[in-house]
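# Coordinate inspection notes
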Amino acid sequence: MFHPLEQLRDEALREIESARDEQALEAARVRYLGRSGSVSSWGEQMKTLAKEEKPTVGKLLNEVRTAVTAAIEARTRQFQSQKESASLGKIDISLPGATGPTGYSGYSGYSTSLTGYSGYLPLERGSLHPLTQMLERSIEIFRRMGFALADGPDIEDEWHCFDALNTPPEHPARNEQDTFYLPDGRVLRTHTSTVQIRTMQSAPPPIRVIAPGAAYRRDEVDATHSAQFHQIEGLYVDENVSLADLKGTLEFFMRELFGADTAVQFRPHYFPFTEPSLEVYVKSKALKKGEQWIEVAGSGIVHPAVFEAVNKARGDKAYDPEKWTGFAFGLGMDRLAMILFDIPDIRLFAQNDLRFLRQFA
Ligand code: DAH
C-alpha cells in the first residue's frame, strides 16, 4: 500500500517537472518545502505518531525531502542553461569583428594601447613564416632518422668558423669582403659548420645531429643572395660511415620533402673540411622549375684534419680518424623554401610584406 508521504512525493515531483518557469518552480518549492509546506508539516506530525511508527515514517520523510530537493535543484539548473543558450542564440558569430575608429579593418598588428584607441580592433589569425614552415618540416624528417638538434652562437671566433674546419688564413672565404668581422676580431658565422666543431668538442662519438640556424655573408644583395640566410648543418660520426650513408640520408630527405619522384644528383666539389666533397642537386616534376637541376647543399666525408683539430682542443684522442669516420652536409634553407613554394626572390623573406606572407598561411 502507498503511504500518503509517497503520494505527496509523486505529486511534488510531477509539479516540479511541469513547472513552466522559475516562478512556478518557486511556488512549488514553497508549497512542499516551505516552512508551512506539506513536507515540513509532516515533520510536525511526527511528534504525534506512535513510537513504533516513528522510525519507518521518519526514514520515508527523509527520503521524500531529499528527492523533492534534488528535483527542484535539477529543474533550476535546466532553467539556467535554457537562459544561457537563449542569450547565446542572440550572438551572430558570422558577423565581422568590430573595426577601428576610421573603419580601418586591415592590419591590426598594433596593440590598441600603442595606437591610443581603446575600442576593439579585429583580431586576425597569425601564421608561420614560410622559412619557419620549411625549417619545421625539415627538422621533422631528420628527427625520424634519429638526428638530434644541436646549436651554436651566430657570433663566432675565427677558430670555430675557419681554422678548426681546415680553412687556412689565406683562404678567400676569410676575406673582409666576404665575411663580417666585428671590431674585436670575432665574426658573424659564414656557415653553420661551426656547430660541427662545437658539438664534437662537447661530446665523444658517435654523433648524429642537425643544427639549423642563420649564417651571414657580405654578399651583394640580389634575388638569390642575402646578407643573412639559413642553413641546416648535419653531422654523423660513427664507425664505418660511408658516402653511401650520406647519399641515402640526403636522398631520403629530398624525397620526403619534394615527393617520391625527386631525383638527387651528387657532383664532385671542393670544401676544405670534407674529402671527398660533393654538391647536392635536386630535380622534381612536382616543382615549378622541375626540369632543371637545382643546387641545394654542400656535403662530404669529414676531413681527418677536422677530427685532429677537435682532438687538440679536447686534449684527447676521442675522434681518432683511424677509428671514426663521418659525413657532414649544409643545406640551404632559403633555397629549399624558394623551390618548394616557388618564391622568385630571397629578399621577400625579410621584407615583412603581408601580401607575400599571407600566401603561406
Ligand atoms: N659550409 C658549407 C657552405 O656554407 C656547406 C657545407 C659543405 C657544409 C660541406 C658541410 C659540408 O657540412 O660537409 O657553403
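Residues numbered from 1 in each chain as written. Predicted model: local features only at pLDDT ≥ 70, side-chain atom pairs only at ≥ 80, totals over all residues. Heavy atoms only, no water.

## Let's talk about the overall build of the protein
Heads up, the rule is: The helix count covers DSSP runs of H or I at least four residues long, the strand count covers runs of E at least two residues long, and both are numbered beginning at the N terminus. Restricting the calculation to C-alpha atoms gives the radius of gyration, and the globule rule supplies 2.2 Å times the number of residues raised to the power 0.38. Throughout, a residue-residue contact means that at least one pair of heavy atoms, one from each residue, lies within 4.5 Å. Here Asp and Glu are counted as negative and Lys and Arg as positive; His is not counted, and neither are the chain ends. Throughout, a charge is located at the NZ atom of Lys, the CZ atom of Arg, the CG atom of Asp or the CD atom of Glu.
What the protein contains, in helices and strands, is 12 helices and nine strands. Taken over C-alpha atoms, the radius of gyration comes to 37 Å for the protein, far larger than the 21 Å a tight globule of 361 residues would show. When contacts within the protein are restricted to residue pairs at least 6 apart in sequence, those whose partners lie at least 24 apart make up 65%. Seen as two clouds, the 41 positive and the 50 negative side-chain charges of the protein have centres 8 Å apart.

## A closer look at helix H8 (residues 194–202)
The test is simple: Each residue's exposure class comes from its accessible area (1.4 Å probe, protein chains only) as a fraction of the maximum for that residue type: buried when under 20%, exposed when over 50%, partly exposed otherwise.
Among all positions of H8, only Thr 194, Val 195, Gln 196, Ile 197, Thr 199 and Met 200 are buried. Structurally, H8 contributes buried residues whose contacts are with strand E2 (155–156), helix H7 (158–161), strand E4 (207–216), strand E5 (228–238), helix H10 (304–314) and strand E9 (325–332).

## Things to note about the domain arrangement of the protein
Selection rule: Note that domain bounds follow an automatic or database assignment of domains.
Examined at the domain level, the protein breaks down into domain 1 (4–81) and domain 2 (130–360). Put simply, the middle of domain 1 and the middle of domain 2, counted by C-alpha atoms, are 79 Å apart.

## Points about the site of the ligand
The condition that has to hold: Consider each residue's heavy atoms; a residue with any of them within 4 Å of a molecule or strand counts as near. Counted as a polar contact is a pair of N or O atoms within 3.5 Å, where, for protein atoms, one must be capable of donating a hydrogen and the other of accepting one, and residues adjacent in sequence contribute only when both atoms are in side chains. Only the protein chains shown count as covering a residue, and every accessible area follows the Shrake-Rupley method with a 1.4 Å probe. Throughout, the ten residues Ala, Val, Leu, Ile, Met, Phe, Trp, Tyr, Cys and Pro are labelled nonpolar, Asp, Glu, Lys and Arg are labelled charged, and all others, Gly among them, are labelled polar.
Taken together, 15 residues are adjacent to the ligand, and His 191, Gln 196, Arg 217, Gln 231 and Glu 233 come closest. In this structure, Ser 193 approaches the ligand through a side-chain N or O atom, which is 3.0 Å from a nitrogen atom. Here an oxygen atom of the ligand sits 3.2 Å away from a polar atom, N or O, in the main chain of Ala 328. For the ligand, whose accessible area on its own is 350 Å², the fraction buried by protein is 91%. Elements supplying a minimum of two residues to the shell around the ligand: E5, strand E8 (294–302) and E9. For the shell around the ligand, the class distribution of residues is four nonpolar, nine polar and two charged.

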